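What follows is the residue order along each chain.
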Amino acid sequence: MTKPFSLSNLHRAAQALLLGAILALGALPAAQAEHAVDPKAAPDVFLDAVANNMLEAVKADPLALKGDVSHITVLVRKYALPYVDMDKTTRLAAGRYWRQASAQQQTDLVQAFTGTLIRTYSGAFTRVTPATTITLLPFRGDTKAGDAVVRTSVSQPNSSPIGVDYRLEQTDAGWKVYDLNVEGIWLIQNYRNQFAQEIGRSGIDGLIKALNAKSGQ
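What you are looking at is a predicted structure, and each value in this text was computed from that prediction instead of being measured. (Residues numbered from 1 in each chain as written. Predicted model: local features only at pLDDT ≥ 70, side-chain atom pairs only at ≥ 80, totals over all residues. Heavy atoms only, no water.)

What the chain contains, in helices and strands, is eight helices and five strands. The order of helices and strands in the chain, counted from the N terminus, is α-α-α-α-α-α-α-β-β-β-β-β-α. Within the chain, the fraction of its 217 residues that count as buried is 47%. Restricting to contacts in the chain with at least 6 residues of sequence separation, those with at least 24 account for 65%. By element, 52% of the accessible surface of the chain is carried by carbon and sulfur atoms, the whole surface being about 10000 Å². (Helix = DSSP H or I, 4+ residues; strand = E, 2+ residues; numbered from the N terminus. Buried < 20%, exposed > 50% of the residue type's maximum accessible area, 1.4 Å probe, protein only. Contact = heavy atoms within 4.5 Å. Areas by Shrake-Rupley, 256 points an atom, 1.4 Å probe, with all protein chains shown as cover.)

Okay, structure coming up:
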(Lines give C-alpha, C1' and ligand atoms only; values in the text may rest on other atoms or scores of the structure.)
Protein backbone atom coordinates (compact mmCIF):
# COMPACT_ATOMS: atom_id res chain seq x y z
CA MET A 1 0.00 0.00 0.00
CA THR A 2 1.17 3.53 -0.63
CA LYS A 3 1.94 5.79 2.31
CA PRO A 4 -0.90 7.92 3.76
CA PHE A 5 0.11 11.54 3.04
CA SER A 6 3.79 12.43 3.05
CA LEU A 7 5.73 11.83 6.25
CA SER A 8 5.80 15.54 7.05
CA ASN A 9 2.05 15.84 6.59
CA LEU A 10 1.47 12.90 8.91
CA HIS A 11 3.45 14.65 11.61
CA ARG A 12 1.55 17.88 11.11
CA ALA A 13 -1.86 16.23 11.08
CA ALA A 14 -1.17 14.28 14.21
CA GLN A 15 0.04 17.33 16.07
CA ALA A 16 -3.34 18.88 15.43
CA LEU A 17 -5.00 15.80 16.89
CA LEU A 18 -6.93 13.45 14.73
CA LEU A 19 -8.03 10.12 15.10
CA GLY A 20 -6.93 8.19 18.05
CA ALA A 21 -7.92 7.43 21.74
CA ILE A 22 -9.89 4.98 24.19
CA LEU A 23 -8.68 4.24 27.74
CA ALA A 24 -5.59 3.89 29.82
CA LEU A 25 -3.45 6.16 31.93
CA GLY A 26 -5.08 8.15 34.64
CA ALA A 27 -6.22 11.71 34.44
CA LEU A 28 -3.91 14.65 33.95
CA PRO A 29 -1.96 15.81 37.02
CA ALA A 30 -4.04 17.77 39.50
CA ALA A 31 -2.44 21.03 38.44
CA GLN A 32 -3.37 20.34 34.81
CA ALA A 33 -7.12 20.87 34.55
CA GLU A 34 -8.84 19.21 31.62
CA HIS A 35 -11.13 21.11 29.30
CA ALA A 36 -14.70 19.92 29.76
CA VAL A 37 -15.78 18.09 26.59
CA ASP A 38 -19.42 18.56 25.65
CA PRO A 39 -20.23 16.72 22.39
CA LYS A 40 -23.48 18.67 22.19
CA ALA A 41 -21.86 22.10 22.42
CA ALA A 42 -21.12 24.18 19.33
CA PRO A 43 -18.82 22.18 17.01
CA ASP A 44 -15.87 24.56 17.39
CA VAL A 45 -16.15 24.58 21.19
CA PHE A 46 -16.32 20.78 21.22
CA LEU A 47 -13.32 20.34 18.92
CA ASP A 48 -11.24 22.89 20.81
CA ALA A 49 -11.70 20.97 24.07
CA VAL A 50 -10.88 17.59 22.53
CA ALA A 51 -7.80 18.83 20.67
CA ASN A 52 -6.31 20.69 23.59
CA ASN A 53 -6.98 17.88 26.06
CA MET A 54 -5.02 15.57 23.79
CA LEU A 55 -2.17 18.02 23.37
CA GLU A 56 -1.97 18.83 27.06
CA ALA A 57 -2.04 15.13 27.97
CA VAL A 58 1.06 14.57 25.85
CA LYS A 59 2.80 17.58 27.38
CA ALA A 60 1.94 16.38 30.90
CA ASP A 61 3.38 12.89 30.39
CA PRO A 62 7.21 13.02 30.59
CA LEU A 63 7.66 9.80 28.61
CA ALA A 64 5.17 10.86 25.94
CA LEU A 65 6.92 14.20 25.61
CA LYS A 66 10.20 12.32 25.11
CA GLY A 67 8.63 10.45 22.20
CA ASP A 68 7.58 7.17 23.86
CA VAL A 69 5.06 5.95 21.26
CA SER A 70 3.46 3.42 23.63
CA HIS A 71 2.58 6.20 26.08
CA ILE A 72 1.35 8.45 23.28
CA THR A 73 -0.83 5.64 21.91
CA VAL A 74 -2.48 5.23 25.31
CA LEU A 75 -3.23 8.96 25.43
CA VAL A 76 -4.56 8.99 21.88
CA ARG A 77 -6.89 6.12 22.73
CA LYS A 78 -8.14 7.92 25.82
CA TYR A 79 -8.46 11.51 24.72
CA ALA A 80 -9.39 11.36 21.03
CA LEU A 81 -10.90 8.09 19.83
CA PRO A 82 -14.14 8.38 21.84
CA TYR A 83 -14.90 11.46 19.75
CA VAL A 84 -14.12 9.95 16.34
CA ASP A 85 -16.68 8.04 14.27
CA MET A 86 -14.40 5.32 12.92
CA ASP A 87 -17.35 3.38 11.50
CA LYS A 88 -18.22 6.30 9.22
CA THR A 89 -14.59 7.10 8.41
CA THR A 90 -13.98 3.49 7.38
CA ARG A 91 -17.24 3.19 5.45
CA LEU A 92 -16.54 6.33 3.42
CA ALA A 93 -12.92 5.31 2.81
CA ALA A 94 -14.08 1.90 1.55
CA GLY A 95 -16.65 3.50 -0.77
CA ARG A 96 -18.63 1.07 -2.91
CA TYR A 97 -16.63 -1.87 -1.55
CA TRP A 98 -18.23 -1.39 1.86
CA ARG A 99 -21.53 -2.75 0.56
CA GLN A 100 -19.73 -5.77 -0.88
CA ALA A 101 -18.21 -6.68 2.48
CA SER A 102 -19.90 -9.10 4.86
CA ALA A 103 -20.89 -7.88 8.33
CA GLN A 104 -17.80 -9.58 9.78
CA GLN A 105 -15.53 -8.07 7.16
CA GLN A 106 -16.95 -4.62 7.92
CA THR A 107 -16.24 -5.10 11.63
CA ASP A 108 -12.73 -6.37 10.94
CA LEU A 109 -12.04 -3.52 8.53
CA VAL A 110 -13.07 -0.86 11.06
CA GLN A 111 -10.84 -2.45 13.67
CA ALA A 112 -7.88 -2.75 11.29
CA PHE A 113 -8.21 0.82 10.01
CA THR A 114 -8.52 2.16 13.55
CA GLY A 115 -5.29 0.41 14.48
CA THR A 116 -3.52 1.80 11.43
CA LEU A 117 -4.53 5.39 12.15
CA ILE A 118 -3.71 5.16 15.85
CA ARG A 119 -0.24 3.82 15.11
CA THR A 120 0.38 6.39 12.38
CA TYR A 121 -0.70 9.43 14.35
CA SER A 122 0.72 8.29 17.68
CA GLY A 123 4.10 8.18 16.01
CA ALA A 124 3.57 11.66 14.63
CA PHE A 125 2.81 13.07 18.09
CA THR A 126 6.44 12.41 19.02
CA ARG A 127 7.18 15.85 17.56
CA VAL A 128 5.07 17.66 20.15
CA THR A 129 7.06 20.04 22.35
CA PRO A 130 6.06 22.16 25.37
CA ALA A 131 5.71 25.08 22.94
CA THR A 132 3.28 23.35 20.54
CA THR A 133 -0.10 25.07 20.40
CA ILE A 134 -3.44 24.46 18.70
CA THR A 135 -5.46 27.57 17.89
CA LEU A 136 -9.10 27.54 16.88
CA LEU A 137 -9.85 29.71 13.83
CA PRO A 138 -13.14 31.63 13.45
CA PHE A 139 -16.02 29.23 12.81
CA ARG A 140 -17.86 30.00 9.57
CA GLY A 141 -20.52 27.32 9.56
CA ASP A 142 -23.99 26.90 11.01
CA THR A 143 -23.79 25.55 14.57
CA LYS A 144 -27.24 24.00 14.09
CA ALA A 145 -26.34 22.11 10.93
CA GLY A 146 -25.81 18.35 10.96
CA ASP A 147 -22.35 18.59 9.41
CA ALA A 148 -19.61 21.10 10.14
CA VAL A 149 -15.99 21.91 9.33
CA VAL A 150 -13.85 23.32 12.15
CA ARG A 151 -10.54 24.96 11.23
CA THR A 152 -7.48 25.01 13.47
CA SER A 153 -3.89 26.17 13.26
CA VAL A 154 -1.00 24.19 14.74
CA SER A 155 2.09 26.14 15.73
CA GLN A 156 5.57 24.81 16.39
CA PRO A 157 8.74 26.77 17.26
CA ASN A 158 10.76 27.87 14.24
CA SER A 159 8.16 26.80 11.69
CA SER A 160 5.11 28.27 9.96
CA PRO A 161 1.66 27.46 11.39
CA ILE A 162 -0.09 24.52 9.73
CA GLY A 163 -3.82 24.72 8.97
CA VAL A 164 -5.86 21.61 9.73
CA ASP A 165 -9.60 21.27 9.05
CA TYR A 166 -11.82 18.75 10.84
CA ARG A 167 -15.13 17.54 9.46
CA LEU A 168 -17.72 16.66 12.09
CA GLU A 169 -21.18 15.12 12.03
CA GLN A 170 -23.94 15.63 14.56
CA THR A 171 -25.05 12.26 15.98
CA ASP A 172 -27.49 11.28 18.72
CA ALA A 173 -24.53 11.31 21.11
CA GLY A 174 -23.33 14.72 19.87
CA TRP A 175 -20.54 15.77 17.52
CA LYS A 176 -18.12 13.18 16.11
CA VAL A 177 -15.04 13.80 13.98
CA TYR A 178 -14.92 11.69 10.82
CA ASP A 179 -12.53 13.36 8.39
CA LEU A 180 -9.44 15.58 8.39
CA ASN A 181 -7.84 17.93 5.88
CA VAL A 182 -4.15 18.82 6.00
CA GLU A 183 -2.82 21.16 3.32
CA GLY A 184 -5.64 20.33 0.92
CA ILE A 185 -5.55 16.55 1.42
CA TRP A 186 -8.65 14.95 2.93
CA LEU A 187 -7.89 11.77 4.84
CA ILE A 188 -10.89 9.80 3.55
CA GLN A 189 -10.26 10.62 -0.09
CA ASN A 190 -6.61 9.73 0.27
CA TYR A 191 -7.35 6.35 1.83
CA ARG A 192 -10.23 5.64 -0.56
CA ASN A 193 -7.76 5.48 -3.43
CA GLN A 194 -5.44 3.22 -1.46
CA PHE A 195 -8.27 0.94 -0.34
CA ALA A 196 -9.48 0.55 -3.92
CA GLN A 197 -5.99 -0.37 -5.12
CA GLU A 198 -5.47 -2.96 -2.39
CA ILE A 199 -8.93 -4.49 -2.81
CA GLY A 200 -8.31 -4.71 -6.55
CA ARG A 201 -5.14 -6.67 -5.85
CA SER A 202 -6.18 -8.92 -2.99
CA GLY A 203 -9.83 -8.37 -2.08
CA ILE A 204 -11.34 -7.05 1.14
CA ASP A 205 -9.63 -9.70 3.25
CA GLY A 206 -6.33 -8.68 1.68
CA LEU A 207 -6.94 -5.05 2.64
CA ILE A 208 -7.72 -6.05 6.22
CA LYS A 209 -4.54 -8.11 6.36
CA ALA A 210 -2.46 -5.25 4.93
CA LEU A 211 -3.88 -2.75 7.44
CA ASN A 212 -3.24 -5.10 10.34
CA ALA A 213 0.32 -5.58 9.16
CA LYS A 214 0.82 -1.81 9.00
CA SER A 215 -0.46 -1.36 12.57
CA GLY A 216 1.53 -4.31 13.93
CA GLN A 217 -1.54 -6.40 14.76
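Across all of its chains, the model carries four aromatic pairs by this definition. Between F113 and Y191, the ring centres sit 4.9 Å apart and the planes meet at 70 degrees, which makes this aromatic pair edge-to-face. With F113 in helix 7 (residues 103–124) and Y191 in helix 8 (residues 187–215), this pair connects stretches of sequence that are 78 residues apart. Consider the rings of Y191 and F195, whose centres lie 6.1 Å apart with planes at 65 degrees: the pair is edge-to-face. Linking Y191 with F195, this pair stays in helix 8, spanning four residues, or about one helical turn. Per residue, the accessibility class of Y191 equals that of F195, and both read buried. The ring of Y178 carries the charged tip of K88 above its face, separated from the ring centre by 4.2 Å. The lysine or arginine in question, R167, covers the ring of W186, its NZ or CZ lying 4.2 Å from the ring centre. (Phe/Tyr/Trp six-rings, centres within 6.5 Å; stacked < 30°, edge-to-face > 60°. Lys NZ or Arg CZ within 6 Å of the ring centre and 35° of its normal.)

Considering every residue of the chain, the mean pLDDT works out to 82; 83% of them sit at 70 or more. No element of the chain has a lower mean pLDDT than helix 1 (residues 7–15), which averages 41, and none a higher one than helix 5 (residues 86–94), which averages 97. The low-confidence segment residues 1–33, where pLDDT is below 50, has 113 contacts with residues more than four positions distant or belonging to other chains. (pLDDT = per-residue confidence, 0-100.)

Looking now at the pairing of strand 4 (residues 174–182). Most of strand 4 sits inside the fold, with eight of its nine residues counted as buried. Pairing analysis gives eight bridges linking strand 3 (residues 162–171) to strand 4, with the strands arranged antiparallel. Residue pairing for strand 4: D165 is matched across the bridge by N181. Hairpin remark: strand 3 followed by strand 4, antiparallel, with two residues in the connecting loop. Here strand 4 pairs with strand 5 (residues 185–186) via two bridges, running antiparallel. Its bridge partner lying in strand 5, V182 is registered against I185. Between strand 4 and strand 5, which pair antiparallel and follow one another directly, the connecting turn spans two residues, one of which, E183, has a positive phi of 50 degrees. (Pairing = 2+ DSSP bridges.)

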